[in-house]
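# Observations on the three-dimensional arrangement
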Amino acid sequence: MKAKDVLTAEQFTREDLSIIIDKAAQFSRALKKSETIEIMKNNIMATLFFEPSTRTRFSFETAMLRMGGKVISMADADSSSVAKGESLCDTICSIHDYVDIIVLRHPEIGSAQLVAEVAECPVINAGDGSGQHPTQALLDIYTIRQEKGRIDGLTIALAGDLKHGRTVHSLAQVLSLYNVKLLLVSPLTLRMPEEIVRGLENAGVIIEQTQDLHKALYSCDVLYITRVQRERFVNTEEYENLKGVYVLTKEMIKIVDKDITIMHPLPRVNEIDSAIDEMPAAVYFRQAANGVPVRMALLSLIIGE
Ligand code: NCD
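All figures in this text were calculated on a predicted structure; none of them were measured in a lab.

### What about the packing of helix H5 (residues 134-148) against helix H6 (residues 166-175)?
As a packed pair, H5 and H6 sit with axes 8 Å apart at the nearest point and diverge in direction by 55 degrees. By the angle between their axes, H5 is oblique relative to H6. Judged by the twist between their axes, the crossing of H5 over H6 is right-handed. The residues of H6 that touch H5, namely those facing Pro-134, Gln-136, Ala-137, Asp-140, Ile-141 and Ile-144, are Thr-167, Ser-170, Leu-171, Val-174 and Leu-175. Here the contact of H5 with H6 is built from residues that sort into seven nonpolar, three polar and one charged.

Right, dumping it as C-alpha cells:
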C-alpha cells in the first residue's frame, strides 16, 4: 500500500484488509496502554473538506497526531481560495508540495480520482458526493470483526438510503470479498445502484433486496442502518416523504430476541431511537471510535517508514 492512493473500496484485496485490520488492532492496544508512537514525526497531512464532517476529519487528524505527525486543515471551502473562485486542481497543485498526504472530501463523485491524477503525494478519498467512502468501510469491517469475531458466514443488512449513501456503497463492495449474505433494505426509490448490485452478484455474494426492515431484522446478524441523505435531494418534498421510512426502536430489537449488532456510520437523524443507545446491541459509538486506530493503520501503511 506504500505511496498508494485510496480512492474506492473496490481497490482493496482481502489480503489488504487483513493487514489493515491486524495493524489497527495493534494500534488500538498501543493507544489503550497510552504508548508513545512517533512514527509520523516527519510527516504532514492536509485535510481538505469541502463538505461537512465531524468523525471522519477529526479521526484522521487524531490518527496523525497520535503518531507524532502534523496536520494542516481546511474545514470548509469558505475559508480557502476556493471562495475566490480557484479550481480544485489549482488548489491541489499549490499545496501538494507542502504535505506528504492529502485527505479530501468533496461533493462531486469522482473528485478524489481527479485530484489523485494531479497530486504528487498520495490522496485519500474521505467521501466524494454520493460515490464512495472507502476508509469508512475499513472501520466498518474492523468493527464487525471486533464485535462478531468474524466476517465470513454472517448475514448483514444494509438499510436506509442505499442510493445516495456512499458508506453503504463502499461497505457492500468490501464485504463482497467475504463469504457473507447481504440484505439490501430500502424503499424502491432509494435502492442500491444497479452497477454495484451487479458487481456484488458477479463476486458471488448472495443478495436479497427488500423494503421490509422488520423481516430483515429477523434474519440478520448485523444491521447497518443509514440516514436518508437530505443534501442529495433536489426535491425537498421527496426527502420529507422518505426521511421517516425506517425508525428503529428498542421494541423492534427486543421482539427479535437474538444477538444482533446495530451499526450506523453516524450522523443519525431519526433512524435509531436514542433509547437503543444503552442496549448491548448498539455499537455505533464504538464504531466511530474505531476510526482512529483504523486510520492510523492506513496512514502508516501509505506514508510510514
Ligand atoms: C457518513 C458520510 O459522510 O458519508 N458519515 C461519516 O463519514 N461517518 C454518513 C452520512 O453522512 O450519512
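### Quick word on the environment of Lys-258
When you line up the elements, Lys-258 lands in the loop between helix H10 (250-256) and strand E9 (261-263). For Lys-258, a relative accessible area of 33% gives the class partly exposed. Excluding residues that lie within four positions of it along the chain, Lys-258 makes contacts with Leu-217, Tyr-218, Ser-219, Cys-220 and Asp-221. Within the local environment of Lys-258, its side chain forms a polar contact with the backbone oxygen of Tyr-218, the two atoms lying 3.2 Å apart.

### A word on the site of the ligand
Every residue lining the ligand is accounted for by Thr-56, Arg-105, His-133, Gln-136, Arg-166, Thr-167, Arg-227, Gln-229, Pro-265, Leu-266 and Pro-267. In the environment of the ligand, an oxygen atom lies 2.8 Å from a nitrogen or oxygen atom belonging to the side chain of Gln-229. In isolation the ligand has 320 Å² of accessible area, and contact with the protein removes 93% of it. Among the residues making up the shell around the ligand, the classes are represented as three nonpolar, five polar and three charged.

### Some details on the packing of helix H3 (residues 88-95) against helix H4 (residues 111-118)
Packed helix pairs are specified by the crossing angle of their axes together with the interaxial distance, meaning the distance between the axes. Relative orientation of the contacting elements H3 and H4 amounts to 45 degrees, with a least axis distance of 9 Å. Between H3 and H4, the crossing angle belongs to the class labelled oblique. In this structure, H3 meets H4 at a crossing whose hand is right-handed. Of the residues in H4, those touching H3 at Leu-88, Cys-89, Ile-92 and Cys-93 are Ser-111, Leu-114, Val-115 and Val-118. Of the residues that constitute the contact of H3 with H4, the class distribution is seven nonpolar, one polar and no charged.

### Topic: the sheet that holds strand E2 (residues 70-74)
Read across the sheet, four strands follow the order E2-E1-E3-E4 without closing on themselves; strand pairing throughout is parallel. The open sheet has two edge strands, E2 and strand E4 (123-128), and neither has a second partner. Averaged over neighbouring strand pairs, the angle between their axes works out to 15 degrees when direction is ignored. Pairing geometry for strand E1 (residues 44-49) and E2, over five bridges, is parallel. Looking at E2, one finds that Ile-44 is bridged to Lys-70.

### Concerning the pattern of salt bridges
Considering all chains together, one arrives at 13 salt bridges under this definition. Across the pair Arg-14 and Asp-152 runs a salt bridge, and its minimum N-O distance is 2.6 Å. Linking Arg-14 in helix H1 (residues 14-32) with Asp-152 in the loop between H5 and strand E5 (155-159), this pair joins segments that are 138 residues apart in sequence. Accessibility expressed as a relative area gives 37% for Arg-14, which makes it partly exposed.

### Details of the packing of aromatic side chains
Per the stated rule, a full pass over the model turns up two aromatic pairs. On the numbers, 5.4 Å between centres and 65 degrees between planes, the contact of Tyr-284 with Phe-285 is edge-to-face. On the basis of relative accessible area, Tyr-284 is assigned to the buried category, the value being 1%. Classification of Phe-285 as partly exposed rests on a relative accessible area of 48%.

### Comments concerning helix H2 (residues 55-66)
Quick reminder: α-helices carry 3.6 residues per turn. Residues three or four places apart thus point the same way. With twelve residues, H2 extends 16 Å between its outermost C-alpha atoms, agreeing within 8% with the 16 Å of an ideal straight helix rising 1.5 Å per residue. For H2, the complete set of buried residues consists of Thr-56, Arg-57, Ser-59, Phe-60, Glu-61, Ala-63 and Met-64. For H2, the secondary structure elements touched by its buried residues are E1, E2, strand E3 (101-106), E4, H5 and helix H12 (291-303). Remark: Gly-68 follows H2 within two positions and exhibits a positive phi of approximately 80 degrees.

Rules of the game
Residues numbered from 1 in each chain as written. Predicted model: local features only at pLDDT ≥ 70, side-chain atom pairs only at ≥ 80, totals over all residues. Heavy atoms only, no water. Axes fitted to C-alpha atoms, helices over the stretch in contact; angles between N-to-C directions. Helix = DSSP H or I, 4+ residues; strand = E, 2+ residues; numbered from the N terminus. Parallel < 35°, antiparallel > 145°, perpendicular 65-115°, else oblique. Left-handed = near helix turned anticlockwise from the far one by under 90°. Contact = heavy atoms within 4.5 Å. Nonpolar A, V, L, I, M, F, W, Y, C, P; charged D, E, K, R; others polar. Buried < 20%, exposed > 50% of the residue type's maximum accessible area, 1.4 Å probe, protein only. Polar contact = N/O pair within 3.5 Å; in protein donor to acceptor, adjacent residues only side chain to side chain. Near = heavy atom within 4 Å. Areas by Shrake-Rupley, 256 points an atom, 1.4 Å probe, with all protein chains shown as cover. Pairing = 2+ DSSP bridges. Salt bridge = Lys/Arg side-chain N within 4 Å of Asp/Glu carboxyl O. Phe/Tyr/Trp six-rings, centres within 6.5 Å; stacked < 30°, edge-to-face > 60°. Expected span 1.5 Å × (residues − 1).

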